[in-house]
Structures are given as structure tokens and as C-alpha cells.
Amino acid sequence: MLFLKKYMLPRVLQFLTVVFVGITLVFIVIRMLPVDPVKQIINTFAMFGATIDPASTELLIQTLREMFGLEGTIFEQYFAFWGRLFRGDFGPSLFLFPVPVIDLIVTALPWTAGLLLLTTFISWLFGTIMGGLAGYFHKSLWAKFLDRVVMVLRPIPFYVFALVMLIIFAYLIPLFPLGGGIAVGTPITFSWRFIVDVIRHAALPALSMGILGSAVWFQTMRLIVQSVTSEDFVVYAKAGGLKKNTIAFKYVIRNAILPQITALGLSLGQIFSGALITEIVFAYPGIGSLLNAAIINGDYNVIMAITTLSIVTISTLILIVDLIYPLFDPQVRFK
Amino acid sequence: MKMLKDLLRDGKFKFGFIVLVILVTLSLLSFVSPYDITIWNVGIRDRPPSWDNLLGTNSRGQDVFWEMTFAIRNSLTIAVFAAFFSRIVAVIIGLIAGYSGGKIDKLLMSINDSVLVLPLLPILILVSSLMRGRLDVLSLGLMLGFFGWAWDARVIRSQILKLREKGFTYTAIISGSSTLKLVAKEYLPHVTPLVFATIMNNMSWAVGMEVTLALLGLSDFEMSTLGTMLHWAISYQSMLLGIWWWILTPVTVSIFLFVGLYLLSVSISEYLDPRTRIQRIGTVRQSN
Amino acid sequence: MQKRMVGVLVVVALLIGIAAGGLFFLPRDQEPIVEEPVGEEPVGEEPVVQEPEEEEPVAVGEDALPGGVPRNETLIAGILSGKIMTPDDFNVWTVTWKHVDRGIQQLMLEPLWIVDYVTGEVINALASEPPIYNEDFTQMTVKMRDEMFWSDGVQITADDLVFTIETIMQNPALGGHGWSNAFVERVYAQDPLTVVFELKEPNTRFHSHFVDRWGATRPMPKHIFEQAEDPALFPFNPPVSSGPFTLHSHDPGGYWVLWERREDWERTPTGELFGMPAPRYVLFRHHGPPEMRVLSQGRHMLDMADMSMEALRASLMGNPYTRTFRDEFPWTVNVDPAITGIMFNTARPPFDQKEVRWALTLAIDIVDFIAIGFDGAAVMGAMHLPPTPVYQEWYYEPMEDWKKEFTIQVGGEQFHPYDPEAPMRMAEHSRLRGFAVPEDPQEIRDMFGIGWWKHAPDVATTLLEEQGFEKIRGRWHLPDGTPWVLTLLTGVNPIGIGERNAFAAAQQWERFGIDVNIMASPMEGTMVDMGEFEVNEGWPAIEPWGGHHDLYRTFNTWHSQFMRPIGETNPGHDGRWSDPRMDAIVERLEVIGWDDPETFELGMEGLKVAIEEMPSIPTVAFPGMIVWDEHYWTNFPGAENPYTQPYHHWPNFKYMLPFLEPTGR
């Protein structure tokens, strides 16, 4: 009980504060955007030569302003936003009025979530394990070679890397489809055919993101493990004759894994920003382009909805990590 | 100077140092560039590397070599600004939070985490849009710096927390040192390796972010950076049209820049950490 | 240390190797374009043209269409507007953008009337004749075409049109709510095929809301929408078509839509007027950025594509079956009904003075401009009207004499700014670059345009100096003595047509001695609307109908009643220019029908006023960059065979389909 009070409660309070402050920050920032969602709608039509004549334009602007509920002071809008939020209503989107925001998110999110969740986990796992091994055996040749390869791979701009992967593995050697989420005409049922098709289309984007992603995890894990391995207590353990495996698992990894897990939590939360460049290059569906379009068009509702979800998710993940922390780190437990 | 000599014994540091010196020299060359980088068609478009144009010309009719010097200069400047600004903030916040504990700690960490949980790319896009295209090198650096301190502040803070528990803190308090002296004398040396390691990391991150933002079209056209150079090259289909010198230049430079920074950071932090310094003596003698 | 260095270098070399391998994937059959810097002695180089290698069609395995959809009976076209944000929603009557160009306007829906800007006609689609107005234009009658059916078997009647208007009038979230309530007093069906609109006030162009020019108010199926609770929220999925294709399937991720030809295609305007669409299936697909489209076309998985200028070249290089609208240089579409150029904010000094605007016009060398901005592949247009073949016939040619005689007052003298030889200079420039350019003046004018304004920097200098500007040490200074720094606002797309105009103009003006600062902003649309800019690359004039000679659509946006001060949103043309002469012309146009022959004279008068005042600089017609892959389909409406407009994203696309021919592969 004491543990609950002293450890959990302040963390939960902090969680709530962080969520609240984060959402407010975003709210303020996007209201500062000089983009007028109403004018953007008119601009979109003009862009394609379907200009609306000036008289109609004026009428349209008035109508849209009323419908969008952009009247009232910023405080009124702020409270209205929270009110709607607690009722679970994100409101209608602006640049796609009157389609509700939640519909747009539900359409786009599964693709991103699927792709990124899988990619993040796999690259995290792969990178951390390889990084851990490379860090522990940091004197060996293969570890040094791997480190060098990763070091050069990591800074390659993702757009370029993705494009090269596409050209090589989808065009020159047609192993993978040339972009897209599913093949044309595939029925959207949960049939085996559908699942295989989704995986085939997600494979190349996942691979590209995965390779570059693992590079990052590899490097950080390797550094941490390397430094922990040289810490005093490990040296003493070795001197004391403890088996290598025991040292590895009980001491080194436990200490090294914690920052990695926290970083993983953060990274999972970034899912909501979507993988914008992936979506662009691979023509893969997802929430990144939705968010990007929303920003360009000044669609407050969509932006608020996605960032709110993002903030809540990340904070929750960090909270969970924080709560598991004591299981790993005895020092914290005794505090 | 002695420190530099010591550092140079390490192969990693040597390589990184040389790479960075070359890059800085290249960027300084931009000040004596015979070309005005905002003028198009000073040369024939899309020419491969030759003695006239060391790295060929791009689709705007400009010399790629000199374009590169400007790009390196601007990217480095952005990275330095970003890293500098964010280090200062991270160290201050980390130190205060770690040492004070209690309410101040909670408050600072709440603010810290609020920034941490903001979805990075959309907010960057939002803020870039806010600036209405007047994103010059300084403001871009500042903006990136603003997003760079949160994670590292936490790391510094946890390091401080560990140090607090260690013996010498109590010794110092008992022996009557003032708080400021304590912080400066006892903590900073332990925190410095961390700060250095993170500087390089942060610079790499800043350049990476700048490239991403440029590829999304949010950077100033006329400002030549590694990112905008890439963006132009890709938009003008340099890959498919075979103008490989235009696209490979920023990619290769980026790779060398990151590798250089990484090696520098790793070797500096190894050097500053007393334990690993001893280990180094053994390895350094052998690797040369 | 050496080991480490070697290690890094090996890996970098590997990467470069891989990347280079990727880069050289396309067999080259043209040498890279040789460009001389303007002003130097031209070097005559022979272009080396290698024979294109016959490429075996690459296996289309994993990109295959579903079973039962044979590739050689499918036409694949690109979606211009990109990824569809609302893939499951086919209700395009809402006020917001729902990606009508994913096949909805091109295949699914028929309008009452539609313009074709290549043939210069207004086609009666779902209407059987042009709109019938009464004497004082307070009543409009529409006669619907008989024997037209929705794809679910219900006949299209006057009730559908009446229902559409009534629904729009009641629902603010539907497009057209504003004007329909402002003008329509009453709408009713006189008989099953006749609709009568009674208008609140005289409106000679009320029918224009129904004329499809890349968008219009089209009839919606009453029997479907009347069952919807909220017509604005109704997703209309699966949709029913008035056009010759129905929905087969679509991508929930928003990247493709597959359409299938209706069995009863002859019961649509397309079928009755033009015949059976040749492809049985049409796939609209967004492949991604231009490089992806080039790759897809290389695999023969994209028949009709929009490209960027560079992607166009890349696609031509690698694929022996591809062709552009114009088979040879300059490749681009020259019939697009939009004129591009530079827009001044005439509410902001010094751009409120026409002398300054003219000076900036004369400071531009159009040949160099087109070379820098468009690599030579664009048609110049001297007037605020796109130089399409029909407009050349209706306006450009008849006004040629006037343009040659037109003068502006410079330094007490009259100066003739028009240069009919500009296309010849352009032709010469292109010849020096190695392109085959004909000698025949008429052909040259077809390729490059019929004239532009002279490059006369000394005249421009005089004009500016008369206004108090001073050139000190080669840089221009404003009358108040400060250096002139001109800010050019652009969007953020380096390959956009507007942006290209901006870069080219900036280069010209810099050379002239003005400090130009290019400001690229994603907020461009809003800033321009609010008037917070000096110079912008927006269209110098709003596009006209294209298929009709009436210029009301263009001129109306310049009427002073629509101009707002800086800081307020502007419903009219964002250059904020107006002129009492133009107002008078617009007001006169408003009271005469659009077919009235007087509209020709008024059109010319208006164009003359625009030239005199030069509120914006028209430079080139929008260079449409489309590439056709003739591996599976041929007989596209190219420049040598312009039986209809060439774009796949225009609603006229369905009228092109009956004329396409399968190649038999």
C-alpha cells in the first residue's frame, strides 16, 4: 500500500499533468497557424481549375465559417474541445467536412499501426539483441565489423534508401510489389489471400524501415552494454569466477535494457505521426499523409485528434514502463 | 593540447577528426566560392564531373562542388546551433532537477515530459509552417534545439540522481562545501562525458531532421543545405535521369558527417571516462 | 586506424555501387540535353541518338490485376489529386474536396453540359439541348435527354435534377448551397424531361453552374439520396452511375479505384453520342511520387500518367512505347486552358503603378525565361488568355494587328512592345540545343506560340526612372532611396509550374538589377488570399471556359465589387486589380447571353484593357506533362490527332474512351 502511494500515485498524477499540458501546447500552436481552413477548401478547388466564381465564393466562405464552429474566443473553443473530448467525440473534419474525424482515423490507422508496430518491435528486438551481443563481445572482430557497417548505414536519408530498395527489389529484381497497400481488386475479407497480400505489400516498406531502425537500436544498445560491461561490479563478478552467461543475463542486460525499453515506449508512441516518407515513397496507406494533409489545410480537428491520441498513447506507455521499472532495478525498489 | 594529442592516439578519434576537419574546410571554402549559388545556368546543365566542374553540374546549371560547400556550411551551422542551444537547456534542467529533487524535480520533469510526448514530426511541420517560410539557418537551428533537450535532460538527471547517492556527495556536504561549488566541482566532471556524447548525437539528429524537413518541402529554397540539395536532386529525378553526381554528393557527405561525429563522440566519451581511459592505453598502442 | 578507414570506405563503396546500379537501370537512348548558357557563342553539336532497344515487357506477376480483369482490356490511368483521403465515400456533392478525379467525374457521373477546349464545343450531355432562357433571363429551362438510365436501371429524369437542386438548397454542407439559394426562386419539373428554374433576379449565366469544366453541379440519383438521413453525410457507397462505368472495387487505403463498363452503356450520353468505350475496365491508381510513376510505366502498368518535366524525360528515355502529347520536342500539352505567369499585388506599392509592372515585363527575355523555367518545353502566351488552338483562332489571331500597333508611352515617345518574332527566336534557341525544329513559320508558331513582349531592358529602365527609381551601381533603388528588394512568394514544390515561373522571373529580374528574394511558404494560399505578398506565381488570370468564347468567367473575377483591402480574404482575383473599364465590360456581359456575338467584341475589349494595365504577366500556357504508354492502347488524342481533350483527369475522359484502340498485345 505504501508502495502504491509513494510510487504509483505521483507517477499517475504526473501522467495526467503531462497529457494535459501536451494537449494544451498543441492546441495553442495550431491556433497560431495562419492557415485558414475555409480558404484552403476554396484553394483546393482552384488548384484544379475548378475555380468557384467570386460571388459564390463569398457565400461559401460565410456558410463554411458557421458550420465549422470557428466562432467564439479561443477560450470558448478550448473548453468546447475538452467537452467534446470527454464525450468521445472528435468532431467533424474541416477539410473533408462533414466526414467525422474518427472515421478518417479509423480508415487510415490500421495500416500504419500494423506496419509500424511490427517494424518497430522487430527492429527493436533485432537491433537490441545484436547490439547487446556486439557490446558484450566488443573486442571480437565480427562485432567491430558489424559496428562499422551499421555506422555507415544509419545516416543514409530514408527517402534515398527506400527509393534504392524499391528500384532494386521491386523493379530490377521483381521480388516485391511496386508500392501500394494491397493488390488491385483484392477483396477486403479476412481471408488467407487478403492477409498474404497485405504482408507481401508491407514487406518492402517494413524491411526498409526495419534495417535503418535496427541500426539505431543496435548502436545505442551496444554502447550501453559496452559501458556496463566495463563497470566495476561486472569486473568483480568475472574475477570472482561467475559464469559468463550469468553475468550477461543477471547483471549486464538488466541494467542496459531499461533505457532501451523507455526509448521503445517513446518510439511506439510516434506511430501516430505515421511514417510519412514511407507512405509517400511506397504509396502505402496510413495516417501520416492524413496528418500532413490536415496540417497543410489547417484542419484543427484532425490535428488535435491525432496528436491527442499520440500524446495519450506515449504517456501511457511511459507510465507502464515506469511502473515496471522497480521490478528490474532494485535500487529504485528500496527507495 | 596534450589532451588532443592523447585523443589522436585513438584510431577512431583520428578518423573522425580528419573527416570533420575536411568538412569544415569545405564549408569554409564556400566563402571564397566563385559562384553565386542563387544564380542559375552559370554552366551547362547536367554535366558529369570534369576538370571544369569537379563534381559536375546540376539541373539548375550550377556547379555541384560549390553547391556542396554551401550545403555543408549551412547544415553544420544548423547542427551546431541546435546542439548548443539544446545542451545548455538540457544540462541546466537536468542538473537542477536531479539535485533539487522533490517538487522542483517533479515540476521540471512534467514540463520535460510534456515536450517529450509531443509527436515530433507533425509538430516540427506545424512550427515550420508557422514561420511562413522565413526559416533561415538560425531559426531552424533554434527550433530543432528546442526539441532536442528533453530526452537528454532526463538522462543527465538520472546520472545526477545516481551521483547523489554516491559517497562523495555526503562527504562534500559534511565538509561544508557550498551547493554551487559542489555542483561544479563534483558533478560536472561526471556529467561532461555524457554531454559530449550527446552533443555529437544531437548534431547528427539535427542534420537528420533538417534533411527530413527539406524532403517534405519545408525548407527555404534558396538556402542550400544537405537536405535541400537532396530535395532538389530527387525532385529533378536525378536518379532516374542518371545525374548520379548530384544525388550522391549530399548522401555521401551526410554519411561521412555522421560517421565522423559518431566516432568523435564515442572516442571522446571513452577518453573522459576514467575507467575506459585506462583500458584505452592498452588498445591504442596495438591498433596503430 | 588504417583498418578502420578501409572498413568504412569499403562499406561506402558498396553503397555507392548499389545506388549507382539502381541509377543506371534505364537504357539510355538519348544523350543528356546540352544547354548553352545564354549569351555565349553557341556550339553546334550533333545530338547523338541511339536506337531505342526493344524492351521485353517485364513480368507483371505481383502487380497483376485480379482474375477476370485482363490487362489488355484495362486502361490504367493516374489519379492527379493523389491519395484519396475518403476512399469509402463517393458522395461528391459535399462542399469539400472528395477527389472527384478518381474516376467519379471521368467515368461515373454525367453532367448536363460539358466544354471541350480542344474542339471548342459545348457538348449537351444529360441535357439534350443548350439552356433555354426567357427574354429577361429570369427563367431557365433545361430539356433532359431521353432514354438515359442510372446503372441500377432507374431512368434519369427531370425529377433527379429537381431533387438535386432542392436538396442542395436545404443543406449548407452541400456544394452550391450559396448560389442556389441566392438565385433559385423555384425549380420544378414541367414534364418528365423538362426542368424549369425560376430565378429571383436576371442571371444570364445561371447555367454555368451546370457546365462541366473540371467540376459542376451534376444530377444526383433521387431514388438513392432521398432515403439518406443526411445527404451530406451519406457515403453513397456503392454508388450508382449515370456514366458508362460502374464501380468494381476500390482500395480502402485510398490508392486505386477499379471501374467496369456497364452492360447497358448505350443508355448513357457517352454511349449515345460517341459509342462504346473501348476498355472494359478502367483502373485509376495513384502510384506515388513521379519516380514511382516512371517505374510503373516502365513495367507497362500505367497507360496514362501525369508527370513532372523531368519524370517525363525519364519515362521517354526508358520505355520505347511511351509518347507525350506532342510526339517530339517540346512534348508538353499546349492545349491546356490555363495561362500561367506572375501575379502582382496591385494594392501594394510600387506594384500599383502600371509603368512599374510594364517595366518588369519588358525586363524579361521570354526565350531565356522558358529555357530556365521549362527547359524550352512551353508555349508562350502574351495575353491573359491561354493560347490554345481555339483561343488562338477566336482571339489571338484577330488581335494580332492590334498588338503590333499597340504602344505604351515611354519617355515622351510611343514604344511598340509586341514582338511577333519571339517564337522564331525560341525556335532558334531550341535548334542550337539540338532539337529538330521545323523551318515553317506556321509550324513554329504552333510549337512555341505566336508572340510575346519584347526584351527591352533599356525601355524598362526609362520607365522606372520616370517613376523615380534609380539604378545605383547596377542595383535598382526605390524612389525613396532604399535598395529595391522584391519578395517573390511561392509554394514549396520545386518542380511546380508556378514555382518554375517564379525562379525564371527571379533570374531575369536579378540580371536586370533588382534584388529578388524568393520566399517559399506552405502558407502561400492564405497569404496570397489576404494580400500579404508583393509578387506571386499565381495564375495571372482565372481560366476561361476553354470550350466557349465567352470570357465572363475570367473578367468577372476582376470586378471591383470583389476586391477587398489587404488583410481581408479576397473573393476576386488575388492581384486585387480592378479598372472601371473592365467593370463596365463585365456589367455589360452580365446582361447579354453567353452566345451573343457581342461577347466576342467585349472579350477583345477586356483583353486590351488587361494588356494596357498589365496587372499580371502572362508567360506560358500551362505545360501539361502527360505521358502515354502505347503498349496496350493506342489512338490517344495527341497533337496530331486532337479529336478531344487529352487529359485523363478531366471529365471529358469518358468521351475519349470510345476512340481508343487496343493494340492486341
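Conventions used here
- Residues numbered from 1 in each chain as written.
- Chains lettered and ligands numbered in written order.
- Predicted model: local features only at pLDDT ≥ 70, side-chain atom pairs only at ≥ 80, totals over all residues.
- Heavy atoms only, no water.
- Helix = DSSP H or I, 4+ residues; strand = E, 2+ residues; numbered from the N terminus.
- Buried < 20%, exposed > 50% of the residue type's maximum accessible area, 1.4 Å probe, protein only.
- Contact = heavy atoms within 4.5 Å.
- Pairing = 2+ DSSP bridges.
- Axes fitted to C-alpha atoms, helices over the stretch in contact; angles between N-to-C directions.
- Parallel < 35°, antiparallel > 145°, perpendicular 65-115°, else oblique.
- Left-handed = near helix turned anticlockwise from the far one by under 90°.
- Nonpolar A, V, L, I, M, F, W, Y, C, P; charged D, E, K, R; others polar.
- Phe/Tyr/Trp six-rings, centres within 6.5 Å; stacked < 30°, edge-to-face > 60°.
- Salt bridge = Lys/Arg side-chain N within 4 Å of Asp/Glu carboxyl O.
- pLDDT = per-residue confidence, 0-100.
- Right-handed = clockwise from strand over helix to strand, strands pointing away.
- Buried area = accessible area lost by both parts, 1.4 Å probe.
- Polar contact = N/O pair within 3.5 Å; in protein donor to acceptor, adjacent residues only side chain to side chain.

Caption draft 1: Fine view of the overall build of chain B. Helix and strand counts for chain B stand at 12 helices and zero strands. Listing every helix and strand of chain B by position from the N terminus yields α-α-α-α-α-α-α-α-α-α-α-α. Burial analysis of chain B (288 residues in total) assigns 61% to the buried set. Sequence-distant contacts, at least 24 apart, represent 70% of the contacts inside chain B between residues at least 6 apart.

Caption draft 2: Here's a closer look at the environment of Ile247(B). If you trace the backbone, Ile247(B) turns up in helix α11 (residues 244–272). Considering only alpha carbons, one finds Ile247(B) and Ser219(B), 28 residues apart in sequence, at a separation of 18 Å.

Caption draft 3: Main features of the pairing of strand β24 (residues 616–621) of chain C. All names here are of chain C. Among the six residues in β24, six count as buried, and that is most of the element. Pairing geometry for strand β14 (residues 339–344) and β24, over five bridges, is antiparallel. Each residue of the ladder has a partner; that of methionine 343, found in β24, is serine 616.

Caption draft 4: Spatial organisation of the sheet that holds β24(C). An order of β22-β21-β23-β14-β24 (chain C) is seen for the five strands of this open sheet, with the pairing classed as mixed. Of all strands in the sheet, those with a lone pairing partner are β22 (515–520) and β24 of chain C, marking the two edges.

Caption draft 5: Highlighting the sheet that holds strand β3 (residues 121–124) of chain C. Residues and elements named next belong to chain C. Strand order in the open sheet formed by three strands is β3-β2-β8, with mixed pairing between adjacent strands. Lying at the two open borders of the sheet, with one neighbouring strand each, are β3 and β8 (211–212). As judged from the two bridges shared by strand β2 (residues 113–116) and β8, these two strands associate in the parallel manner. Following the sheet pairing, tryptophan 113 is matched in β8 by valine 211.

Caption draft 6: Seen up close, the packing of helix α2 (residues 37–47) of chain A against helix α3 (residues 54–68) of chain A. All names here are of chain A. Viewed as axis vectors pointing N to C, α2 and α3 meet at an angle of 135°, and their least axial separation amounts to 9 Å. The angle between α2 and α3 falls in the class oblique. Between α2 and α3 lies a crossing whose hand is right-handed. On the side of α2, the interface is formed by Val38, Ile41 and Ile42, while α3 contributes Thr57, Leu60, Ile61, Leu64, Arg65 and Phe68. Of the residues contributing to the contact of α2 with α3, the split by class is seven nonpolar, one polar and one charged.

Caption draft 7: Geometry of the packing of aromatic side chains. Residue and element names in this part refer to chain C. Summed over the entire model, instances satisfying the criterion amount to 56 aromatic pairs over all chains. Ring geometry for phenylalanine 344 versus tryptophan 509: centroids 6.4 Å apart, planes at 25°, classification stacked. Highlighted residues: phenylalanine 344 in strand β14 and tryptophan 509 in helix α16 (residues 497–512), separated in sequence by 165 residues. Assessed through its relative accessible area of 0%, tryptophan 509 is described here as buried.

Caption draft 8: Representation of helix α9 (residues 226–235) of chain B within the structure. Residues and elements named next belong to chain B. With 10 of its 10 residues buried, α9 lies for the most part within the structure. Where α9 is concerned, the buried positions are Leu226, Gly227, Thr228, Met229, Leu230, His231, Trp232, Ala233, Ile234 and Ser235. At the C-terminal side of α9, glutamine 237 shows a positive phi close to 55°.

Caption draft 9: The arrangement of the pattern of salt bridges in detail. Residue and element names in this part refer to chain C. Inspection of every chain in the model, using the stated rule, returns 35 salt bridges over all chains. Of the charged contacts, one joins aspartate 550 and arginine 205 as a salt bridge, the two residues approaching to 2.7 Å between their closest N and O atoms. Placement of aspartate 550 in the loop between β23 (535–536) and α18 (552–555) and of arginine 205 in the loop between β7 (194–199) and β8 is noted, with a sequence separation of 345 residues between them. By relative accessible area, aspartate 550 is classed as buried at 0%. Look at arginine 205 and you get buried, because its relative accessible area is 3%. Between arginine 262 and aspartate 264 there is a salt bridge, and its shortest N-O distance comes to 2.9 Å.

Caption draft 10: Representation of the side chain of Thr217(C) within the structure. All names here are of chain C. Turning to its location among the elements, threonine 217 is positioned in the loop between β8 and α5 (222–225). For threonine 217, a relative accessible area of 11% translates into the label buried. If sequence neighbours within four positions are ignored, threonine 217 has contacts with Ile168, Trp179, His209 and Phe210.

Caption draft 11: Expanded view of the confidence of the model for chain C. Residue and element names in this part refer to chain C. Per-residue confidence for chain C gives a mean pLDDT of 86; residues scoring 70 or more make up 90%. In the predicted structure, residues 21–62 sits below a pLDDT of 50 and forms 71 contacts with residues beyond four places in sequence or in another chain. Here the complex is predicted with pTM 0.85, and the ipTM for its interfaces comes to 0.83.

Caption draft 12: Summary view of the pairing of strand β21 (residues 485–490) of chain C. All names here are of chain C. With six bridges joining them, β21 and β22 adopt parallel strand pairing. What sits directly across from threonine 487, in β22, is asparagine 517. Taken together, β21, α16 and β22 form a β-α-β motif whose crossover is right-handed. Pairing of β21 with β23, which is carried by two bridges, proceeds in the parallel orientation. Within β23, the position partnered with leucine 488 by the bridge is valine 535.

Caption draft 13: Representation of the interface of chain C and chain A within the structure. Listed per partner, the contact involves 75 residues of chain C and 74 residues of chain A. Taken together, the two surfaces of chain C and chain A that pack against each other cover about 6100 Å², and 69% of this comes from carbon and sulfur. Counting every contact that joins chain C to chain A gives two salt bridges. Across the contact surface, chain C and chain A share nine residue pairs in polar contact (both at pLDDT 80 or more). Looking at the side of chain C that touches chain A, the element that brings in the most residues is helix α1 (residues 2–23) of chain C, giving 11 residues. Of the residues in the side of chain C that touches chain A, the class split is 33 nonpolar, 24 polar and 18 charged.

Caption draft 14: Layout of the packing of helix α9 (residues 354–362) of chain C against helix α20 (residues 598–613) of chain C. All names here are of chain C. Their axes nearest at 8 Å, the elements α9 and α20 cross at an angle of 85°. The angle between the axes of α9 and α20 places the two elements in the roughly perpendicular class. Residues Lys354, Arg357 and Trp358 of α9 lie in contact with α20, whose contacting residues are Ile611, Glu612 and Glu613. For the contact of α9 with α20, the class distribution of residues is two nonpolar, no polar and four charged.

Caption draft 15: Representation of the environment of Gln155(C) in the model. All names here are of chain C. Along the polypeptide, glutamine 155 turns up in the loop between β5 (139–143) and α3 (158–170). Glutamine 155 sits 213 residues away from aspartate 368 along the chain, and the two C-alpha atoms are 57 Å apart. Ignoring sequence-local partners within four residues, the contact set of glutamine 155 consists of Asp146, Glu147, Met148, Phe149, Trp150 and Asp160. A polar side-chain atom of glutamine 155 sits 3.3 Å from a polar atom in the side chain of aspartate 146.

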